[in-house]
Amino acid sequence: MIWRLVVLGGVWVCLLGAEGRGHGGRTVTFHRTQQDESQGKVRTRTRREASSSSGTAKLSHGPSFSACRLHLTPAEHEVLDDNTHETGFNGDDGSYVILTWVGDGTGVVLVLSTISAPLDSFLEGGSSRLYRSTDYGKSFHDISHRINNTFMREEFGVSVGPGSSVILTADTPVLDNPGGVVFTSTDAGATFKFIQLPFHLAQPITYHFLNPDYLVALSIDGGLWLSLDFGAKWTKVHDGVHSFSWGAGVNLFFSCSRVDTVEADKRGDWVLKRTKDLGKTFTIIHEDIYSFGYIGAFLFFSVMEDLRSPRVMYFSSDQGETFSRALLPSASTEQFYSILDGDEDMLFMHVDNPGDTYFGTMYTSDDRGILFSKSLERHLFDGQRKSDFTNITSLRGVYLTNKLDEDGRVRSVISFNRGGMWRQLNKPENVDCREQIKSCNLHIHGEHSRNNRIVPMVALSEPTAIGLVIAHGTVGDSLSSSQHPDVFVSSDGGYNWRGTLRGTHHYSILDSGGLIVAVEAQREGQVKTIKFSTDEGQCWKSYNFTDQPFFFAGLASEPGTKAMNVSVWGFRPEEDGQPMWVAVTIDFQSLITRECNEQDYEEWLAHSTEGGDSERNGCVLGVKETYRRLKKQSVCRNGKSFVVSKKQSPCSCTREDYLCDYGYYRHVNTSECVRQPNAPNKTLEVCLNGEEDELLTAGYRKVPSNKCEGGFNLQLAVQTVIRPCGVKPSPGQPARSSSPDTHFDTPRERLVLILVCAGAGLIVLVAVVSALLAVRRVVYRNRSPVYRFSNLQIQDDDNVESATSSNGTVCQQDSDDDLIE
């Protein structure tokens, strides 16, 4: 059978998991065949396998560890049998299944079964099928008639917005059709409304993140369209648009071609605009744009003033009203910038090294996105432009990534203070390395390994499961592609690890960390067993959820980790030899019946270590955090009403709570920040509004989001003024005349002053200047470090356009190669 050849050739099916658009739910996609990677839009470099000492393709087993296995009792087996529900989607020939949870705690799951194929190759008579469940996936009803059995392509899928709003996008031929077709629902898919669009979509419609009625769309001819009534009426507000993104409120940013061109030009020649009144007026923020995006509280864009010149980064923290050039290296067209992560306090930025080096430098920003500090060198970015950078959301300030060392080996590093310091991971407590291994550490497989099908999933953590991290890894000197990955678990946010499952698995966190489930990844063969743990992966029980094994496609559970049921998706052959989609939903709520009480929880000080200084123990980013979390030995359920509770207390500041400011570096022996030898005369490529930028500093600046109090006193340090750039008039501004408090810093200037101010006037002037300098020194000594940057504004009346329209929503990041995030 053809389908069997496809399955056996590509049973290593990956979960494409994509976070749902908006707040209403989450969408995951399963498919039966491998994706054709050659169709990807991102330019790729030659692949580089994770380093291995042997270089052989034969997989070897890493250091052994003992895994705890517990037997399922007959009573437990009976309970699970009674609460396991299997659904076979007979006659469904879709190659893709898209699952979407609608609303919060509604129990509604929509399943769209469709295919991904160009229109000219689509078989006549095919259609998509839509199924709906109102009991968390235990049973499904075919509601395809509500969308007239219309064909939906996988690329558009299902869009879910705030509340219970849903949009399905039909795949309609461009020829002989005035526009595309969408089906909208405001009642979680119970009913749908047919809408004929006046344009053809280039990508899925996007919601505003708060208002489900505000929609924004991009047409195939570059038109930007907005709707304020959930798609009933659309208005075209701009032409020649390449990409767009929502900011705060109703600020909408987009890049477009210049006014005097008919179609969008190449990168580096676009214009970045903003509308803050739902498309009525527009403001030009900057020209010569190569890429832009919005994350956290920051608008960022790279500028290419000449098509042959390197690009530079600009950031704005006030919705583009003002912006400043970031203190980052420029990047050529062969390099790229990538925003790895960000919030209202700071950004993580990767700047690629020139050439096919597969690494670059990671930087962290201040709270305005201007001053960047070097965080990690030789940060890995593989040939597919995938980064292993991971935010461990189960503990504040923890990030995990991989670096490519000079010996060509890939090694994992972790930071517990938002990129301030990085270190290798500790060896798992139940793993012993071989004697010939010089350095024994845990190394985590990330996106690089998942992309190369070494592992099926990357590291998993959830904000409600405090301290819990599940990841694939290998133990030894470096990350090895020749060694079988295993599953490791940390209960304290990555400080300590334990080997828990041999081999690769798909895993999911349920009940706010009170329950973990896993299904072994089978390269060949079929699955019928699920493993589960109630003690954060220390011990596992196995349950056979079906008598008829099937080819595994993925795990699916309600977003938010508070659910106690999980669905195993896959497919098995029908009697006619065709594959049939199968979903088995297992509800663990009847097995774990006891609600947790106060005795089941413990007070846990995060980031604490044994034998540490009691006053500083647990201090990270200036705060001690004590959480109330479930004890490992407690077998009970947190429930849907569970809320993470913690107590915070500030720590006294130390030097470790500060970064070295621009023009300073941390001395190796003393850990103090000392002035760089060439800093006094160094000129930065930063001139904002044609003014000198004065950086008043004692050499230190507090780590972003650090909340320490007292302690280390910066006022005792000598404060200096650094002028990062010379005076250059900005476009459209007259040159600045000298003001009365102009500084005369060079000997030549002082000489001119002496010649001009001769005689008695010279004596008076010297006395006045001396008095002023003395006063300024006293003022500076009693001031904490202050950054004073002028604001670059290149906005005038000619840059404002007017149009009648509405506004929409979008959160698509356009980066260097789609700002790679």
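Quick caveat: nothing in here was measured; it's all calculated off a predicted structure.

Asker: Report on the pattern of salt bridges, specifying residues and quantitative values.
Answerer: Scanning all chains against the criterion turns up 31 salt bridges. Linking arginine 411 and aspartate 407 is a salt bridge whose minimum nitrogen-to-oxygen distance equals 3.0 Å. Relative accessible area serves as the criterion here: at 47%, aspartate 407 is assigned to the partly exposed category. Among the charged side chains, a salt-bridge network with shared partners connects Lys403, Asp405, Asp407, Arg409, Arg411 and Asp477.

Asker: Give me the lowdown on the sheet that holds strand E9 (residues 166-169), citing residues and values where you can.
Answerer: Remark on secondary structure: sheet strands pair via backbone hydrogen bonds, oriented parallel or antiparallel. Pairing is antiparallel in the open sheet, where 4 strands are placed in the order E8-E9-E10-E11. The open sheet is flanked by strand E8 (158-160) and strand E11 (193-196), the only strands paired with a single partner. Looking at each pair of strands side by side, their axes are set apart by 25 degrees on average, direction ignored. Where E9 and strand E10 (residues 181-185) come together, 4 bridges link them in antiparallel fashion. Each residue of the ladder has a partner; that of threonine 169, found in E10, is valine 182.

Asker: Pulling in residues and values, what's your account of the state of the cysteines?
Answerer: Applying the stated criterion to the full structure yields 5 disulfides. Each sulfur in the disulfide pair cysteine 68 and cysteine 539 lies 1.9 Å from the other. In this structure the cystine formed by cysteine 68 and cysteine 539 twists about its S-S bond by roughly 90 degrees; its chirality is therefore right-handed. Here the residue cysteine 68 occupies a position in strand E2 (residues 68-69), and cysteine 539 occupies one in strand E38 (residues 539-544), the gap between them amounting to 471 residues. Cysteine 68 gets classed as partly exposed once you look at its relative accessible area, which sits at 24%. Since its relative accessible area comes to 18%, cysteine 539 is described here as buried. Disulfide pairing is shown between cysteine 653 and cysteine 708; the S-S distance is 2.1 Å. Judged by the sign of its S-S torsion, about 95 degrees, the cystine formed by cysteine 653 and cysteine 708 is right-handed.

Asker: I'd like to hear about the confidence of the model for the protein, residue by residue, with values.
Answerer: Here the protein averages 78 in pLDDT, and 75% of its residues register 70 or above. Mean pLDDT across the elements of the protein ranges from a minimum in strand E53 (residues 786-788), with 25, to a maximum in strand E37 (residues 529-533), with 97. Every residue in residues 722-754 is under pLDDT 50, and counting partners more than four places away or in other chains gives 49 contacts. The model gives residues 771-815 a pLDDT under 50, and that stretch makes 144 contacts with residues more than four places away or in other chains.

Asker: Explain the sheet that holds strand E13 (residues 215-218) residue by residue, including any values.
Answerer: One open sheet holds the 4 strands; their spatial order is E12-E13-E14-E15, and the pairing between them is antiparallel. Every interior strand has two partners, whereas the edge strands, strand E12 (206-207) and strand E15 (235-238), have only one. Across 3 bridges, the pairing between strand E14 (residues 224-227) and E15 is antiparallel. Residue pairing in the sheet places tryptophan 225 in a bridge with lysine 236 of E15.

Asker: Tell me about the side chain of histidine 505, and name the residues and values.
Answerer: When you line up the elements, histidine 505 lands in strand E35 (residues 505-510). Note on histidine 505: relative accessible area 0%, which makes it buried. Polar side-chain contacts of histidine 505 include one of 3.2 Å to the backbone oxygen of glycine 503. Engagement of the side chain of histidine 505 in a polar contact is seen with the side chain of lysine 531, the distance being 2.9 Å. For histidine 505, the contacting residues outside a window of four places in its chain are Pro456, Met457, His472, Val487, Ala518, Val519, Glu520, Ala521 and Lys531.

Asker: Hey, could you go over the side chain of asparagine 430 for me, with residue numbers and the actual values?
Answerer: Position of asparagine 430 among the secondary structure elements: in the loop between strand E30 (423-424) and strand E31 (441-444). With relative accessibility at 14%, the residue asparagine 430 sits in the buried group. When residues no more than four places from it in sequence are discounted, the contact partners of asparagine 430 are Ser64, Phe65, Ser66, Arg498 and Gly499.

Conventions adopted
- Residues numbered from 1 in each chain as written.
- Predicted model: local features only at pLDDT ≥ 70, side-chain atom pairs only at ≥ 80, totals over all residues.
- Heavy atoms only, no water.
- Salt bridge = Lys/Arg side-chain N within 4 Å of Asp/Glu carboxyl O.
- Buried < 20%, exposed > 50% of the residue type's maximum accessible area, 1.4 Å probe, protein only.
- Pairing = 2+ DSSP bridges.
- Helix = DSSP H or I, 4+ residues; strand = E, 2+ residues; numbered from the N terminus.
- Axes fitted to C-alpha atoms, helices over the stretch in contact; angles between N-to-C directions.
- Disulfide = S-S within 2.5 Å.
- pLDDT = per-residue confidence, 0-100.
- Contact = heavy atoms within 4.5 Å.
- Polar contact = N/O pair within 3.5 Å; in protein donor to acceptor, adjacent residues only side chain to side chain.

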